[in-house]
Amino acid sequence: QVQLVESGGGLVQPGGSMRLSCAASGFSFSSYGMSWYRQAPGKERELVAGITYDGGSTNYADSVKGRFTISRDNAKNTVYLQMNSLKPEDTAVYYCRARFALRFYWGQGTQVTVSS
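Numbering of residues begins from 1 in every chain and follows the order in which that chain's sequence is written. With the structure being a predicted model, the display of local features is reserved for residues of pLDDT at least 70 and the display and counting of side-chain atom pairs for 80 or more, all residues being used for whole-chain, interface and lining totals. Hydrogens are left out, water is left out, and the side-chain values use all remaining heavy atoms of the structure.

## Some thoughts on the nonpolar core
By size, the foremost hydrophobic cluster in this structure holds 29 residues, and its most contacted members are Met 34, Trp 36, Leu 81, Met 83 and Tyr 94. Going along the chain from the N terminus, every DSSP run of H or I of four or more residues is numbered as a helix, and every run of E of two or more is numbered as a strand. For this core, the secondary-structure elements that each account for two or more residues are strand 3 (18-25), strand 4 (33-39), strand 5 (46-51), strand 7 (68-73), strand 8 (78-83), strand 9 (92-100) and strand 11 (110-114). Residues enter a nonpolar core if they are buried and are Ala, Val, Leu, Ile, Met, Phe, Trp, Tyr or Cys, with the set joined through side-chain atoms within 4.5 Å. Classification of residues uses two cut-offs on accessible area relative to the type maximum, computed with a 1.4 Å probe and protein chains only: under 20% is buried, over 50% is exposed, and between them is partly exposed.

## Examining the packing of aromatic side chains
Between two aromatic rings, the relevant description is the distance of the centres plus the angle of the planes. A pair of aromatic rings is counted whenever rings of Phe, Tyr or Trp (Trp by its six-membered ring) have centres within 6.5 Å, and the orientation is called stacked for planes under 30 degrees apart, edge-to-face for over 60 and tilted otherwise. What the rule picks out here adds up to seven aromatic pairs. Measuring from centroid to centroid gives 4.7 Å for Phe 27 and Tyr 32, while their planes differ by 65°, and the two rings are edge-to-face. As far as burial versus exposure is concerned, Phe 27 and Tyr 32 are alike and both buried. With a relative accessible area of 14%, Phe 27 lands in the buried category. If you follow Arg 45 out to its NZ or CZ, it ends over the ring of Tyr 95, 3.7 Å from the centre. Working rule: Lys NZ or Arg CZ, within 6 Å of ring centre, within 35 degrees of ring normal, means a charge sits over the ring. Cation over ring: Arg 45 sits above Trp 106, and NZ or CZ is 4.7 Å from the ring centre.

## Here we look at the pairing of strand 11
Because side chains alternate across strand 11, one face comprises the buried residues Thr 110, Val 112 and Val 114, and the other comprises Gln 111 and Thr 113, none of which is buried. Sheet analysis places strand 2 (residues 10-12) next to strand 11, joined by three bridges and oriented parallel. Note on strand 11: the bridge partner recorded for Leu 11 is Thr 113. Any two strands between which DSSP finds at least two bridges are classified as paired. Examined bridge by bridge, strand 9 and strand 11 share three bridges and lie antiparallel to one another.

## Things to note about the pattern of salt bridges
Counted as salt bridges are all cases of a side-chain nitrogen of Lys or Arg within 4 Å of a carboxyl oxygen of Asp or Glu. Overall, the coordinates contain four salt bridges when judged by the stated rule. A salt bridge links Lys 65 to Asp 62; the nearest nitrogen and oxygen atoms lie 3.2 Å apart. Judged by its relative accessible area of 65%, Asp 62 is exposed. One salt bridge in this structure joins Asp 90 and Arg 67, with 2.8 Å as the shortest N-O distance. Remark: Arg 67 occurs in the loop between strand 6 (58-60) and strand 7 and Asp 90 occurs in the loop between strand 8 and strand 9; sequence separation between them is 23 residues. Under the relative-accessibility criterion, Asp 90 is labelled buried at 0%. Here the salt bridges do not stand alone but share partners, grouping Arg 38, Glu 46, Arg 67 and Asp 90 into one network.

## Observations concerning the state of the cysteines
Disulfide: a pair of cysteine sulfur atoms within 2.5 Å of each other. Applying the stated rule across the entire model yields one disulfide. For Cys 22, the disulfide goes to Cys 96, at an S-S distance of 1.9 Å. Disulfide Cys 22-Cys 96: torsion about the S-S bond near 40°, hence right-handed. Note that Cys 22 is positioned in strand 3 and Cys 96 in strand 9, a separation of 74 residues in sequence. Like Cys 96, Cys 22 is buried.

Below, the structure is given as structure tokens:
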């Protein structure tokens with residue numbers, strides 16, 4: 001059974017930091033590209049960051065460049081999103097996604113709220 005389980009969300013003050021984790025099981029994690037997406041209320045889901053199957057390449061949305069870092073540990077079947085200098089506009093539900101060719105898996109999401 002395929003599972004992607006996000007954790008690490010919560011409430012943080014503007015300027016703070018938070019690290020999200022996404023633990024994968026039920027598929028060959030090290031063969032899949034991984035991404036973080038987010039969806040704010042009333043907005044479409046958007047790509048935040050992505051990382052290749054081997055961690056050799058990453059990409060980021062312009063809005064998070066220099067503040068967020070995606071990484072993965074294939075030995076632990078886990079992908080991370082380190083978020084620094086958080087802003088209120090980063091408030092959203094964050095989802096991880098696994099992709100191999102035309103095959104996609106999604107997690108259930110974790111809420112991140114940036115507010116004072």
